[in-house]
Amino acid sequence: MYQKPKGTRDLLGRELQRLEALNAAARAFFGQNGYEEIRTPTFEFAALFDRSIGETTDIVEHEIYKFEVNKKLYALRPEGTASVLRAFIENKLRLPVRFLYLWSMYRRERPQKGRYREFLQIGIELLGESKPFYDADIIERGKQYLQSVGARDFTIELNSIGCPECREAYRRTLEDYLQPNLSRLCDDCRRRFERNFLRIFDCKKESCQRLYDDAPKITDKLCGECAQHYVDVKKYLRYFGVDYVENKKMVRGLDYYTRTVFEFKHGELGAQDTIIAGGRYDLLMRELGGPDTPCIGWALGPERLLLTMPEELPSVKARRAFFLIGVGERYLPTMISLRTQIHNNGHRCFLGDPGEPIKHQMKKADRFKADHVVICGEDEEKEGIYTVKEMSTGRQSKIPVAEFESFLIHA
RNA sequence: GUGGGUAUAGCUCAACCGGCAGAGCAUUGGACUGUGGCUCCAAAUGUUGCGGGUUCAAGUCCCGUUACCCACCCCA
């Protein structure tokens, strides 16, 4: 027997419906807000991701699916931002522009709750806007989107990680603070400090965290411009009515972020509690060979979001379902035209096999979760009616053929 | 990549110290030949994840392996 690769899933039934409901809501909502949907190739030249995500990140080092064909090294995309910027540059588009993407991403991680090797991201990117107003704007739009699909109980965490100059100054300050305590850090943190020093704050060990609680924070060491930017972002968030908590220890896993970073978290999700994560990346476009262009964006994990939501999404509307029963094959033409009429009114409709006993067809109707059964037989033909049975109550009524259309409209 | 847990009928799970492979739900048929669900009666269902080992005897013990779950790492 064949099995799917580890960390992948077959999407069908309820689960697929739920995901598609989030996609449909995102297309509608962000479309209204001027975000244009974009699709790029699922694979790119591997160098694109090395350059953008950061060569010392774990993603690039051992989580990317890479393959070589004809001496060219390709990679399945592990995230969306790099591809969007590459497409922007390559297609010589004009600024400013807003993009929406709904893509599968690929990372060779060990799967666990809310984490897969092929997973979805709904992301937005706003290219060409540098002002703090826009940082607040896309955070607020994220909040509004979550609320529109019925998500509750998430908190927004905010931080600024400054520009490379701020970070270099801060690194020295932090080093001075940690130097005397180096022996109390865990092995992971010592390694992190060498490779990507901000990431020490992600450590889950309490002994390390106690040390970091009293450590100087990057927000205290921002340069003048970055500090002002951060102050203004918070000002606009208040104008927008967005509640947030400052998390001075929040940093990002990707190297390209500058200044504003944020996460939307949900408390009851276990270790993978981040539903939306994003931030500003003002230097990446230039890094990838494009024009100097400030950008900001975020990505949402639909699988994780769904873990926080009820089985029946409020946004999934159940359409009426009809099942047609024929008593004898000679009623098939009637049934077929009836089906067209029902479909034209926007309802679902299935045909029973009119050669089968009524009992069998009735049972099928139940299986299909039909709301209404319409019976076409000798009695109906004589009286010029259809017998309509409402399945939830068992009540039956005779509806004259001429009045059936208006019945459908009100069903 | 590291650690812990799990794997038995379509599904959820039992099976004592190693001793005939079980139940509920679902399925199928009947009670009910123009009416589903509800009720009652009956039937069918297994490579105990896979491969090896120990034993008179393995679902049970041992080794390996695969998948899933949870956590670390990392991240949406």
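Here the residue numbering is sequential within each chain, running from 1 through the sequence in written order. Here the convention is simple: chains get letters from A, ligands get numbers from 1, in the order in which they are written. Local features in this predicted model are restricted to residues whose pLDDT is 70 or higher, and side-chain atom pairs enter the listing and the counts only when it is 80 or higher, whereas totals over whole chains, interfaces and linings include all residues. Note: side-chain values were computed over all heavy atoms of the structure, leaving out hydrogens and water.

Colleague: How would you sum up a positive patch on the surface? Please name residues and give values.
Modeller: By definition, no residue in a patch forms a salt bridge, and every one has over 30% relative accessible area; like charges are joined within 9 Å, nonpolar side chains (Val, Leu, Ile, Met, Phe, Trp, Tyr) within 5 Å. Only the protein chains shown count as covering a residue, and every accessible area follows the Shrake-Rupley method with a 1.4 Å probe. The term salt bridge refers to a side-chain nitrogen of Lys or Arg lying within 4 Å of a carboxyl oxygen of Asp or Glu. When charges are tallied, Lys and Arg are placed among the positive residues and Asp and Glu among the negative ones, while His and the ends of the chain are skipped. Positions of charges follow a simple convention, taking NZ of Lys, CZ of Arg, CG of Asp or CD of Glu. On the surface, K359, K363, K364 and R367 cluster together into a patch of positive charge. Counting from the N terminus, the helices are the DSSP runs of H or I reaching at least four residues and the strands are the DSSP runs of E reaching at least two. For K359, the position within the fold is in helix α13 (residues 358-367).

Colleague: Pulling in residues and values, what's your account of a nonpolar patch on the surface?
Modeller: Taken together, F43, F67 and V69 make up a surface patch of nonpolar side chains, about 240 Å² in accessible area. By the element assignment, V69 lies in strand β3 (residues 66-69).

Colleague: Lay out the packing of helix α2 (residues 46-53) against helix α4 (residues 81-90) in plain terms, naming residues and giving numbers.
Modeller: In this analysis an axis means a line fitted to C-alpha atoms, helices contributing only their contacting stretch, and an angle means the value between N-to-C directions, from 0 to 180 degrees. Interhelical geometry of α2 versus α4 gives an angle of 110° and a closest axis separation of 9 Å. Taken together, the axes of α2 and α4 lie roughly perpendicular to each other. Seen along the crossing, α2 lies across α4 with a hand that is right-handed. When α2 is examined against α4, the residues L48, F49 and S52 are found in contact with a partner set consisting of A82, S83 and R86. Each residue is assigned to one of three groups, with Ala, Val, Leu, Ile, Met, Phe, Trp, Tyr, Cys and Pro labelled nonpolar, Asp, Glu, Lys and Arg labelled charged, and all others, Gly among them, labelled polar. Per-class residue counts for the contact of α2 with α4 are three nonpolar, two polar and one charged. Comment on the angle field: the value is read as roughly parallel under 35 degrees, roughly antiparallel over 145, roughly perpendicular from 65 to 115, and oblique elsewhere. Crossing chirality is assigned from the near helix's rotation relative to the far helix, an anticlockwise turn below a right angle marking it left-handed and a clockwise turn marking it right-handed. By definition, residues are in contact when any of their heavy atoms lie within 4.5 Å.

Colleague: Talk me through helix α12 (residues 332-344); I want residue IDs and the actual numbers.
Modeller: For a helix, the expected span equals 1.5 Å multiplied by the number of residues minus one. Over its 13 residues, α12 extends 18 Å from the first C-alpha to the last, a length consistent with the 18 Å expected when each residue adds 1.5 Å. Residues of α12 that are buried make contact with β12 (321-326), β13 (348-351), β14 (372-376), β15 (385-390) and α15 (404-410). A positive phi of about 85° marks G346, the residue just after α12.

Colleague: Requested: an account of the domain arrangement of chain A, with residues and values cited.
Modeller: Boundary definitions for the domains trace back to an automatic or database domain assignment. Assigned domains within chain A: domain 1 (13-163 + 223-307) and domain 2 (321-410). Between the C-alpha centres of domain 1 and domain 2 there is a distance of 49 Å.

Colleague: Please set out the sheet that holds strand β1 (residues 36-37) residue by residue, giving values where relevant.
Modeller: A pair of strands is considered paired only if DSSP assigns at least 2 bridges between the two. What the eight strands build is an open sheet, ordered β1-β5-β6-β11-β10-β9-β7-β8; its pairing is mixed. Among the strands making up the open sheet, the edge pair consists of β1 and β8 (245-246). Taken strand by strand, α4 contacts β5 (97-106), β6 (118-127) and β11 (295-300), and its axis lies near 135° from that of β5.

Colleague: Give me the lowdown on unusual backbone geometry, citing residues and values where you can.
Modeller: At the junction of L95 and P96, the peptide bond is cis and its omega measures out at -10° in the coordinates. Take P96: it is sitting in the loop between α4 and β5. One non-glycine residue with positive phi stands out, namely N70, at about 50°. Mapped onto the secondary structure, N70 falls in the loop between β3 and β4 (72-76). When its relative accessible area of 71% is taken as the criterion, N70 is described as exposed. Residues other than glycine seldom take positive phi values, yet K92 does so here, at roughly 50°. For every residue, the accessible area obtained with a 1.4 Å probe (protein chains only) is divided by the maximum for its type, and the residue is called buried under 20%, exposed over 50%, and partly exposed between those limits.

Colleague: Before we move on, could you go through the pairing of β5 and cite the residues and values that matter?
Modeller: For β5, a buried count of eight out of ten residues is recorded, marking the element as mostly surrounded by other parts of the structure. In this structure, β1 lies alongside β5, joined through two bridges in parallel fashion. The residue bridging E37 from the neighbouring strand is L100, located in β5. Relative to β6, β5 is paired through ten bridges, and the arrangement is antiparallel. By the bridge assignment for β6, W103 is matched with Q121.

Colleague: Pulling in residues and values, what's your account of the sheet that holds strand β2 (residues 43-45)?
Modeller: Pairing is antiparallel in the open sheet, where three strands are placed in the order β2-β4-β3. Either end of the sheet is taken by a strand with one partner, and the two such strands are β2 and β3. This sheet shows a mean twist of 35° between the axes of neighbouring strands, independent of strand direction. Sheet topology note: the β3/β4 ladder contains four bridges and is antiparallel. Note that in β4 the partner of E68 across the bridge is L73.

Colleague: Could you give an account of the nonpolar core, with specific residues and numbers?
Modeller: Definition of nonpolar core: a set of buried residues of the types Ala, Val, Leu, Ile, Met, Phe, Trp, Tyr and Cys, connected through side-chain atoms within 4.5 Å. Ranked by size, the top nonpolar core spans 94 residues in total, and within it Y145 and Y212 carry the most contacts. Among residues more than four places away in sequence, those in contact with Y145 are L22, A25, A26, F29, F30, I122 and L300. Of all hydrophobic cores here, the second largest spans 14 residues; its members include F322, L324, I342 and F404.

Colleague: Just give me the short version of the protein's contact with RNA strand B, but keep the residues and values in it.
Modeller: Nearness of a residue to a molecule or strand requires only that one of the residue's heavy atoms be within 4 Å of it. Taken together, 49 residues lie near RNA strand B, and R107, R115, R192, R199 and Q396 sit nearest. Take the atoms of RNA strand B that sit within 4 Å of the protein: sugar and phosphate atoms are 55% of them. N or O atoms within 3.5 Å of each other form a polar contact, as long as, within protein, one can give a hydrogen and the other can take it, and as long as residues adjacent in sequence are counted only when both atoms are side-chain atoms. Between a sugar or linking oxygen of RNA strand B and a main-chain N or O atom of I275, the distance comes to 3.1 Å. Contacts to RNA strand B include R304, whose side-chain N or O atom sits 2.9 Å from a base oxygen. At the level of secondary structure, the elements contributing two or more residues to the surface near RNA strand B comprise α3 (58-63), β6, α7 (187-195), β10 (274-280), α13 and α14 (378-383). Looking at the surface near RNA strand B, the element that brings in the most residues is α13, giving six residues. Classifying every residue of the surface near RNA strand B gives eleven nonpolar, 14 polar and 24 charged.

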